Structures are given as structure tokens and as C-alpha cells.
Amino acid sequence: MSTTGEDLEREKHVRFLRRCVNLLPSEYTQQDNNHLTLLYFVVGALDLLGELDCVTRPAGTADTPEHREKMRETIVDYVYRLQILPTVDGNTQNCGFVGSPAQYEIHPQFHQCKYVISNVAMTYVALCLLVLLRDDFSRINVPAILKGLRALQQPDGSFSAVCVPGGGECDVRFVYCACVISHFLNDWSGIDKEKAINFIISTQTYDGAFGQRPHQESHGGSTYCALASLALLGELHRIPRMDDLVAWLVDRQLSGFQGRANKPPDTCYSWWVGASLTLLGKYNLIDFSAVEGFNLSCQASIGGFSKVPDVFPDVLHTYYSLCGLSLGGRAGLKPLDCMLGLTKDAASHLPRR
């Protein structure tokens, strides 16, 4: 029961998420290149609610274990369809996953086309989805993905999202993706760890938190990526000015959490900031009842959560709102592995290599 007088509308959220498994609203069309990420939010949210079976429950057919397994295999096959393999001449720098089957239109030999470039963030969410769906990773080309990671790391230790001349966007978000991928595959040979650690520490700002790159503004999302990366690397103890960092994170709470100073609260930061405090063992310093009340006030009548009250819900804020509630121990939600962005239950099924 909520301490705020509001209940978690579980059934509405499950219906909302199950609808999104089968058909996304037209507003998501512009996000088609991020289709895997949208699927991750939906599947991850259902797992948090303990309703993962809803993902594999077929619509319009008999609900049997056989049909559910077939549906699970269909989704797993869909993820693997988006894996980029080495080209015919052995080039591996573009290997990983892409975010959408729309790119199949580019070339008939899609999986081995030198003009099709994987994205490290899509590789991260692809592996998350496979873990959530209890896949054994047997079809992952691990050596190619690791070589692809090496091609993405920049001289300053950062990672770019895609392998293009000049590196494109290179920041701590993609360092985090590379760290989780390495953890999932139980192989860190794709990362120069010391360079990555030095880059992460270089993004710390005057106030103790972290920006996406050196000399950029502190942000809740980039702070989480920095801390989770260092936790995966076993190097959280190397963070300078820990007291300033904790103070900055605690100061982000208004009712819910804001992502930056002088911004309104937003439900997704109940995860980014809340998980950062959890990684540091400092979640007890915030008022969870206020976070809970803000998140629950952002529930939509059709199910799902929005970023602020009284606007349309979306799958990103639904997932991260539930994550934020889970961090505070909300009943009926599975506990989370804050380094990976998955439930501890899902993480316990990680294939061992």
C-alpha cells in the first residue's frame, strides 16, 4: 500500500505495456531506429512487475506453454536478426547490433554489409533483452562484438556510439554501455580499463557530479553512467570528492528528482539519481515517500507513467518510474541490479561463459 494515499495501478500498467509489445502508438514512428530500446523498456517493465509471461502470451491464440515458448523464440529471433556480423573480408569494426529492422532495406546482405554500422547502445539493450528472455547467448558472435568495442574506444578512453571517422558522439554514456556488454560477455578484452577509468574521472565537475564529457554540466543520467561504470570496473573507491557528489545527488530531490539544477522533477530521474545513491550506499538520505508520491501522481488513466503529471505516458518513463519505485522497496516490484539496469532476478539468469 502506498504511503501517499495513491495505489500502483498494476493492472492498467500491464495492459498498457502488453499493448505496446504488439503495437506502438504512431507517435513512436520517429523512434523507429531505437526500436530495440523501446522493446527493452516494455519487457523490462513487465519483468519488474513480475508479469514477464505477458510478453510471451500470444494474442488471439490459446495460452499454452508451447505457444508462450514460441512467442519467446519469436522475440529472441527478432533481436538476433539485428546482429551485425563480420564482413566477407573479415572486417569486425562495425559488429554488434542495430536498433531497427528498417535498415534491412539498405542492402540484401544486411548482416555482412560494410555500410551497415552497429551502435553500442543498441548492443547493450539487445543483450539486456536476451538476458530478460532467458536466452543462452549461443548465437552471439562474441569475438566480433569485442573487436567492435575496441574499434569504438577513443584515445582519451571514451567510447563512441558508432564506428565512424572522428568517432562521432563520444561520452560516458557509451563507456557505460561498453562496460555492461563486457560484463554480460564475461570478457573485458574490448576495453582499455585504465583509459576508461581516467576518462570517467575527468568528467567530474566542480560540484562533484559528472557530465557527459569533461567540462560539461553535471547531469543525473551521466552521473549514473559514470558511477555504474566504475562499479562494474570495481573502481568506485577512486572517485574524488565523494562528499560533494553525495550532496549534489541529494540536492536533486524536490518532491521527485530533477536531472539538473534549476529543472522541474521528472519521473525518470527517480532511477538515474536514485540508482546513483544506491550504488554509493546513500539512498537512505532521501525522502522516498515524496519520490513515491510524485511518481504515482504521474500514472495515466490508460496505464503507464509520464514524465510529469497530466501528460501522455510513454514506455521510457513507465520503465524508469517503476525502477524508481523499486529502489525504495515498493511492494510488488522486483529488486534491481543497479549496475546493469535489470532486475536481480534477470541478472541471476545471465549465461555463464
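Residues numbered from 1 in each chain as written. Predicted model: local features only at pLDDT ≥ 70, side-chain atom pairs only at ≥ 80, totals over all residues. Heavy atoms only, no water.

Before going further, it helps to examine the overall build of the chain. Of regular secondary structure, the chain possesses 14 helices and six strands. For the chain, whose C-alpha radius of gyration is 20 Å, the value lies close to the compact-globule estimate of 20 Å for 353 residues. Along the longest, intermediate and shortest principal axes, the C-alpha atoms of the chain span 60 × 55 × 35 Å. Within the span of the chain, comprising 353 residues, buried residues form 57% of the whole. Counting contacts in the chain only where the partners sit at least 6 residues apart, residues at least 24 apart contribute 67% of the total. One way to put it: in the chain the 31 positive side-chain charges average out to a point 3 Å from where the 37 negative ones average out. (Helix = DSSP H or I, 4+ residues; strand = E, 2+ residues; numbered from the N terminus. Rg over C-alpha atoms; globule rule 2.2 N^0.38 Å. Buried < 20%, exposed > 50% of the residue type's maximum accessible area, 1.4 Å probe, protein only. Contact = heavy atoms within 4.5 Å. Lys, Arg positive; Asp, Glu negative; His and termini not counted. Charge placed at Lys NZ, Arg CZ, Asp CG, Glu CD.)

The next point concerns the packing of aromatic side chains. By convention here, two paired aromatic rings are described through the distance between centres and the angle between planes. Across all of its chains, the model carries 11 aromatic pairs by this definition. On the numbers, 6.1 Å between centres and 35° between planes, the contact of F41 with Y319 is tilted. Pair noted here: F41 is in helix α2 (residues 35-48) and Y319 is in helix α13 (residues 315-327), with a separation of 278 residues, a long-range link. In this structure F41 comes out as buried when scored by relative accessible area, which is 6%. Assessed through its relative accessible area of 1%, Y319 is described here as buried. One Lys or Arg, R252, reaches over the ring of W248 and ends 4.7 Å from the middle of that ring. (Phe/Tyr/Trp six-rings, centres within 6.5 Å; stacked < 30°, edge-to-face > 60°. Lys NZ or Arg CZ within 6 Å of the ring centre and 35° of its normal.)

With a phi angle near 50°, R241 is a residue other than glycine that sits in the positive phi range. Among the structural elements, R241 can be located in the loop between α9 (220-232) and α10 (242-251). Residues other than glycine seldom take positive phi values, yet D310 does so here, at roughly 70°. Within the fold, D310 resides in the loop between α12 (288-297) and α13.

What follows is about the state of the cysteines. Using the criterion set out here, one finds zero disulfides in the structure. There is no disulfide at C225, and the cysteine sulfur nearest it, in C177, is 7.0 Å away. In this model C338 remains outside any disulfide bridge; the closest cysteine sulfur is found in C323, 8.7 Å from its own. Its relative accessible area of 8% is what places C338 among the buried residues. (Disulfide = S-S within 2.5 Å.)

This brings us to the packing of helix α11 (residues 269-279) against α13. Helix-helix packing is characterised by the crossing angle of the two axes and by the distance between the axes. Remark: α11 packs on α13, axes separated minimally by 8 Å, with the N-to-C direction vectors making an angle of 30°. Classified by the angle their axes make, α11 and α13 are roughly parallel. In the crossing of α11 with α13, the sense of the turn from one axis to the other is left-handed. Counted together, S270, W271, W272, G274, A275 and T278 of α11 and Y320, S321, C323, G324 and L327 of α13 form the full contact between these two elements. (Axes fitted to C-alpha atoms, helices over the stretch in contact; angles between N-to-C directions. Parallel < 35°, antiparallel > 145°, perpendicular 65-115°, else oblique. Left-handed = near helix turned anticlockwise from the far one by under 90°.)

Running from N to C, helix α5 (residues 120-132) and helix α7 (residues 172-185) point in directions that differ by 40°, and their axes come no closer than 9 Å. Two packed elements cross with a definite hand, and for α5 against α7 that hand is left-handed. Contacts between α5 and α7 involve V120, A121, T123, Y124, L127, C128 and V131 from the former and F174, Y176, C177, A178, V180, I181, F184 and L185 from the latter. Split into classes, the residues belonging to the contact of α5 with α7 amount to 14 nonpolar, one polar and no charged. (Nonpolar A, V, L, I, M, F, W, Y, C, P; charged D, E, K, R; others polar.)

For the structure shown, the criterion picks out 15 salt bridges. One salt bridge in this structure joins E194 and R238, with 2.7 Å as the shortest N-O distance. With a gap of 44 residues between them, E194 in helix α8 (residues 193-202) and R238 in the loop between α9 and α10 connect regions that are remote in the sequence. Taking the relative accessible area as the measure of exposure, R238 reaches 28% and is therefore partly exposed. A salt bridge links E217 to R260, with the nearest nitrogen and oxygen atoms 3.2 Å apart. Here the residue E217 occupies a position in the loop between α8 and α9, and R260 occupies one in the loop between α10 and α11, the gap between them amounting to 43 residues. Assessed through its relative accessible area of 27%, R260 is described here as partly exposed. When salt bridges that share partners are traced, they join D47, R134, K334 and D345 into one network. (Salt bridge = Lys/Arg side-chain N within 4 Å of Asp/Glu carboxyl O.)

Our next topic: α2. Residues separated by three or four positions in an α-helix point in the same direction, a consequence of the helix having 3.6 residues per turn. Under the 1.5 Å per step criterion, the end-to-end length of α2 is 20 Å for 14 residues, consistent within 8% with the ideal 20 Å. Counted residue by residue, α2 has 13 buried out of 14 residues, so it is predominantly covered. Following α2 by one or two positions, G50 adopts a phi angle in the positive range, close to 70°. (Expected span 1.5 Å × (residues − 1).)

Y40, F184 and W271 are the most contacted members of the largest nonpolar core, which has 119 residues in total. If we skip the residues at most four places from it in the chain, Y40 touches Y124, V125, C128, L129, L132, Y319, Y320, G341 and L342. (Core = buried A, V, L, I, M, F, W, Y, C linked by side-chain atoms within 4.5 Å.)

Right, let's get into helix α1 (residues 10-22). Helix length check: α1, at 13 residues, gives a terminal C-alpha distance of 19 Å against a target of 18 Å (1.5 Å per residue), a fit within 8%. Against α2, α3 (53-56) and α13 lie the buried residues of α1.

Summarising the element assignment, G157 is placed in the loop between α6 (142-152) and β3 (159-160). Spatially, the C-alpha atom of G157 lies 9.2 Å from that of D171, the residues being 14 residues apart in sequence. Ignoring anything within four residues of it in the chain, the contact list for G157 reads V175, K195, A196 and F199.

Limitation: the analysis is restricted to geometry and does not speak to function.
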